[in-house]
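Chain residues, written in single-letter form:
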Amino acid sequence: YFNGELYLLGGWIYGTTSNEVWKTRDLHEWTFVGHAPWPARHGAAWLVHEGRMFVIGGDLLDEVWSSADGVNWSLEAARAPFGPRYTPNAASVGGFIVVYAGQHWDPVEWCVYEPACRPVGIRDVWRSRDGRSWERLLDTPWDGRGLIHGSLVHRGEIYLVGGGLKAPPPNERYAETWSEFADVWSSRDGRRWTYRGTMDHPRTHFSVVATPEGCFLSDGSVGTQVNLSNELFFAANCVDFAPVAVPAEMPVRHASSLAAFNGSIVILGGPGGAGTSVWQYFP
């Protein structure tokens, strides 16, 4: 959400990644802004910081791009020191961009058809005021994980909720769930993390968004990558998530876009039959 408009950046389109930029003021009429100069990607960190939109990492990339209008983009870091990450998280807090979480794979990047492929959860946390100069903060007390879309900043505090890892089984192309986490952690600066409890609904490739009233968590893969969900959860304290009723006909999906928009929660896209449908929930 940026300057009164909702932006959709990049993503996965029927098996290929995208660098398209779209925007809307009403969720009904969407304007194609154009193709961004950054390489196509999905599973990136997207955020607004100090009046600019940022695109960070994704698909094992380590670039940082920013824009004040969605049209003109600046490459802030061609090889950021936090390294290649798939599904990193990034939050704007205390005047800094804080990059945390994500995963990669050993012994090679995507491990396609590699019988020894293992997912590696990333634990180091970095911060930057402008996306150009980065400072390493620490290795976190929580186990490295990714597969979380979006980040949660509520009342000046970052919340990390669950997440997991995935890797392709031997001789398979598509990745399967390797682990799911249910722990919840929070931090005001990315440097000091506090364990807050556990969630009752672990999953991977789910989406999150924070509002002044609390935090929302949507859809995801439960147990296995193909077991998709259309569930929606809310926690006023961003820890104790409880189900929110959704229409039975709302498609199951994972890796969706979840946004706060003009007093509502918007769910759009995501593999699993959701197509181009846009759903809006008014708390």
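Refer to the preceding data block for the structure.
The rules we used
- Residues numbered from 1 in each chain as written.
- Predicted model: local features only at pLDDT ≥ 70, side-chain atom pairs only at ≥ 80, totals over all residues.
- Heavy atoms only, no water.
- Disulfide = S-S within 2.5 Å.
- Helix = DSSP H or I, 4+ residues; strand = E, 2+ residues; numbered from the N terminus.
- Salt bridge = Lys/Arg side-chain N within 4 Å of Asp/Glu carboxyl O.
- Buried < 20%, exposed > 50% of the residue type's maximum accessible area, 1.4 Å probe, protein only.
- Phe/Tyr/Trp six-rings, centres within 6.5 Å; stacked < 30°, edge-to-face > 60°.
- Lys NZ or Arg CZ within 6 Å of the ring centre and 35° of its normal.
- Core = buried A, V, L, I, M, F, W, Y, C linked by side-chain atoms within 4.5 Å.
- Contact = heavy atoms within 4.5 Å.
- Pairing = 2+ DSSP bridges.
- Axes fitted to C-alpha atoms, helices over the stretch in contact; angles between N-to-C directions.

Before going further, it helps to examine the state of the cysteines. Throughout the structure, instances matching the rule amount to one disulfide. Each sulfur in the disulfide pair C215 and C238 lies 1.9 Å from the other. Taking the torsion about the S-S bond as the criterion, the C215 to C238 disulfide, at about 70°, is right-handed. Residue C215 is located in strand β20 (residues 214-218), and its partner C238 is located in the loop between β21 (232-235) and β22 (242-244); the two are separated by 23 residues in the primary sequence.

As a further point, take the pattern of salt bridges. Taken as a whole and judged by the stated rule, the model has 14 salt bridges. The partner of E135 in a salt bridge is R191, and the shortest N-O contact between them spans 3.8 Å. Note that E135 is positioned in strand β13 (residues 135-139) and R191 in the loop between β17 (176-187) and β18 (194-198), a separation of 56 residues in sequence. Note on R191: relative accessible area 31%, which makes it partly exposed. Note that R136 and D139 form a salt bridge whose closest N and O atoms lie 2.4 Å from each other. Under the relative-accessibility criterion, R136 is labelled partly exposed at 41%. A relative accessible area of 42% places D139 in the partly exposed class. Residues joined in a network through salt bridges with shared partners are E5, K23 and R25.

Turning to unusual backbone geometry, a few remarks are in order. Put simply, D106 and P107 share a cis peptide bond, and its omega is 5°. You can see P107 is positioned in the loop between β10 (103-106) and β11 (118-121). For E50, which is not glycine, the phi torsion reads 50° and is therefore positive. With respect to the helices, strands and loops of the structure, E50 is situated in the loop between β4 (45-49) and β5 (52-56).

As a further point, take the packing of aromatic side chains. Per the counting criterion, the structure on display carries 12 aromatic pairs. Considering the side-chain rings of Y86 and W105, the 5.5 Å spacing of their centres and the 40° angle between planes classify their relative orientation as tilted. You can see Y86 sitting in the loop between β7 (73-77) and β8 (89-93) and its partner W105 sitting in strand β10, a full 19 residues away along the chain. For the pair shown, Y86 and W105 are each scored as buried. Here the aromatic cluster, defined as three or more aromatic residues joined through ring pairs, consists of W38, W46 and W73. Lying over the aromatic face of F96, R127 brings its terminal NZ or CZ to 4.0 Å of the ring centre.

Attention now moves to the nonpolar core. Ranked by internal contacts, the top residues of the largest apolar core, which has 29 residues, are Y100, W193 and L217. Looking at this core element by element, the count peaks at four residues for strand β16 (residues 157-167). Residues contacting L217, with those up to four places away along its chain left out, are V161, M199, R203, F206, S207, V208, E231, L232, F233 and F241. Grouped together as the second largest cluster of nonpolar side chains are 13 residues, L47, F54, A90 and I97 included.

Burial runs high along strand β9 (residues 96-100): five of the five residues are buried. Burial along β9 is two-sided: the residues F96, V98 and Y100 and I97 and V99 are all buried. Two strands pair when backbone bridges link them, and β8 and β9 are joined in this way by five bridges, in the antiparallel orientation. Looking at β9, one finds that N89 is bridged to Y100. Following β8, the chain reverses through two residues before pairing antiparallel with β9; G94 in that reversal takes a positive phi of roughly 60°. Two strands pair when backbone bridges link them, and β9 and strand β12 (residues 124-128) are joined in this way by three bridges, in the antiparallel orientation. Following the sheet pairing, V98 is matched in β12 by R127.

The strand order β1-β2-β3 describes an open sheet built from three strands, whose pairing is antiparallel. Two strands bound the open sheet, and with one partner strand each, they are β1 (6-13) and β3 (30-35). For this sheet, the mean inter-axis angle between neighbouring strands, taken without regard to orientation, is 30°.

Taking strand neighbours across the sheet as the criterion, the four strands line up as β8-β9-β12-β13 in an open arrangement whose pairing is antiparallel. Every other strand in the sheet has two partners, leaving β8 and β13 as the edge strands with one partner each. Each strand axis lies, on average, 25° off the axis of its neighbour in the sheet, ignoring direction. Here four bridges tie β12 to β13, and the two strands are oriented antiparallel to one another. Opposite V125, over in β13, you have L138 as the bridge partner.

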